[in-house]
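Coordinate analysis (summary)
Here is how the chains run, residue by residue.
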Amino acid sequence: MKTLDKIPTGKVERAGNLLKAGAKVGMNYLKYYGDKITKDEAEAKETLNKNNAEDIYDSLKELKGSALKVAQMLSMEKNMLPAAYVEKFSLSQFSVPPLSGALVKKTFRKYFGKNPEEIFDDFSVESVNAASIGQVHKAKKDGKELAVKIQYPGVRESISTDLKMVKPIAMRMFNIKKEGSEKYFEEVEEKLFEETDYILELKRSQIFSKSCEHLPNLKFPNYYPELSSEKILSMDWMNGLHFSEFSAKNNSQQTLDLLGQTLWDFYMYQLHILRKLHADPHPGNFLVSDENELLVIDFGCIKEIPEDFYIPYFELADQKNLRNPEFFEKKLYELEILTNDDSPEEKVFFTKLFFEMLELFTRPFNAVEFDFSDESFFQEIADLGQRYAKVSEIRTMNTNRGSRHFIYMNRTFFGLYNMMHDLKAKNVKIKNFENFKKDIEVRSATQDLSGL
């Protein structure tokens, strides 16, 4: 894969890159209309999606940063995008063009005053893993193998500009209305700024790994503050297969169930005990060791779950509350799904929509054990999304629904459910995390994290 000697950082330069992609997409549509005359409609549409996905991704991967992060987030929405987009955008999780060696050394000189080979006993200038915000290099120091994550130049500085460019596309794609939409984009912007603060990530990584180290079959790297800075993060090198590579192998059901239980317990412990979430559960952030342990290698995106959101959210995860119309309506107002400005039609429509969504998505929480290999469950999710996407009345309604906290909570569950489905994990014990509570540690972790 070719390396990059330069990343566009200026507003005009980055916007121009996206405009070029837009022009290519326009040409693809012209070709599509021609293909419809000579080819089957489904075949023509498949070619269109493939060409558009490739051209859009090729543009975003040169920009890196927030623009590429959007592609990464979209790749998790398997039931929303055509397969061609999911396949192409998923590359942003761990496979994009890396920085050249010259740019890597320039970053080290800026933050340490030295080249990497002067700091480490051994340093591979070639990246072993490149994603949306940074890339990873292998190094050695005092006999230890290390992974050194380096942030791309200009990523943090271009966040606000990138979001302004992506905003119109996102608003059209998700039918977001301008009025009242700022809270959602502010939430995303805030989290992206946090993800580009490696000093903050270092602190969070140390606290989270300490808080969860007692969970079985789960491993975390050690982190090294003296070898880290705001743009460089050094940690232990963890040996294992990328989660995607592992789940594509022919593994025994016993192994898949073990890893599924490990992943589920990890997330339920964070959610219900720590009330803080590793809100970026995509395959690029996890490895599987030769001993079938789950290795967590990235804590860049952390979402704190406030009490006034957590309580009504999980009250509605209880099926008996869902089926209590008066209680259900009250909680919809608390979660900002319904508003006092809603018309009677909007109230009826969104009450029905969210009942169907919650009844479906909360089924695992109402079971003692759940089978995430059940294709019918995931097909129901896909069918629900497609059915409401075709409802013409929704275009005339105020569709900005829900607290801003839904963005990363939903992102977490979409990612978690997809990973559990990739594993085809069966007989997952839903409340198994309760066996691992540590009251003293939990209070300490909550206090430590409250200031981050």
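Scroll up to find the structure this text is about.
Computed from a prediction, not measured in an experiment: that's the story for all the values here. (Residues numbered from 1 in each chain as written. Predicted model: local features only at pLDDT ≥ 70, side-chain atom pairs only at ≥ 80, totals over all residues. Heavy atoms only, no water.)

**Quick look at the packing of aromatic side chains**
Note the cut-off: Ring pairs are drawn from Phe, Tyr and Trp, using the six-membered ring of Trp, whenever the two centres fall within 6.5 Å, and their geometry is named by plane angle: stacked under 30 degrees, edge-to-face over 60, tilted for the rest. Segments assigned H or I by DSSP are reported as helices when at least four residues long, segments assigned E as strands when at least two residues long, and all are numbered from the N terminus. Here's how the labels work: a residue is buried when its accessible area is under 20% of the maximum for its type, exposed when over 50%, partly exposed in between, all with a 1.4 Å probe on protein chains only.
Using the criterion set out here, one finds 29 aromatic pairs in the structure. Pairing Y313 with F406 gives two aromatic rings, centres 5.8 Å apart and planes at 50°, and the pair type is tilted. With Y313 in helix α12 (residues 307-315) and F406 in helix α17 (residues 406-423), the pair connects residues that are 93 residues apart, well separated along the chain. Assigned by exposure class, Y313 and F406 land together as buried. Consider the rings of F349 and F350, whose centres lie 5.1 Å apart with planes at 85°: the pair is edge-to-face.

**As for the pairing of strand β3 (residues 134-141)**
Put simply, the rule is: At least two DSSP bridges between two strands are needed for those strands to be called paired.
Looking at chain direction, strand β1 (residues 122-123) and β3 are connected through two bridges and run antiparallel. From the neighbouring strand, F123 faces β3, where its bridge partner is A139. Here two bridges tie strand β2 (residues 129-130) to β3, and the two strands are oriented antiparallel to one another. The residue of β3 that forms the bridge with N129 is V136. Here β3 pairs with strand β4 (residues 144-151) via eight bridges, running antiparallel. In the sheet register, K140 faces β4, and the bridge partner there is E145. Where β3 folds back onto β4 in an antiparallel hairpin, the turn is made up of two residues, including D142, whose phi is positive at roughly 55°.

**Topic: the sheet that holds strand β9 (residues 286-288)**
Spatial strand order, β5-β10-β9-β7: four strands in an open sheet with mixed pairing. Edge positions in the sheet fall to β5 (218-219) and β7 (241-242), since each of these pairs with one other strand and no more. Two strands pair when backbone bridges link them, and β9 and strand β10 (residues 294-296) are joined in this way by three bridges, in the antiparallel orientation. Along β10, the bridge assignment pairs V288 with L294.

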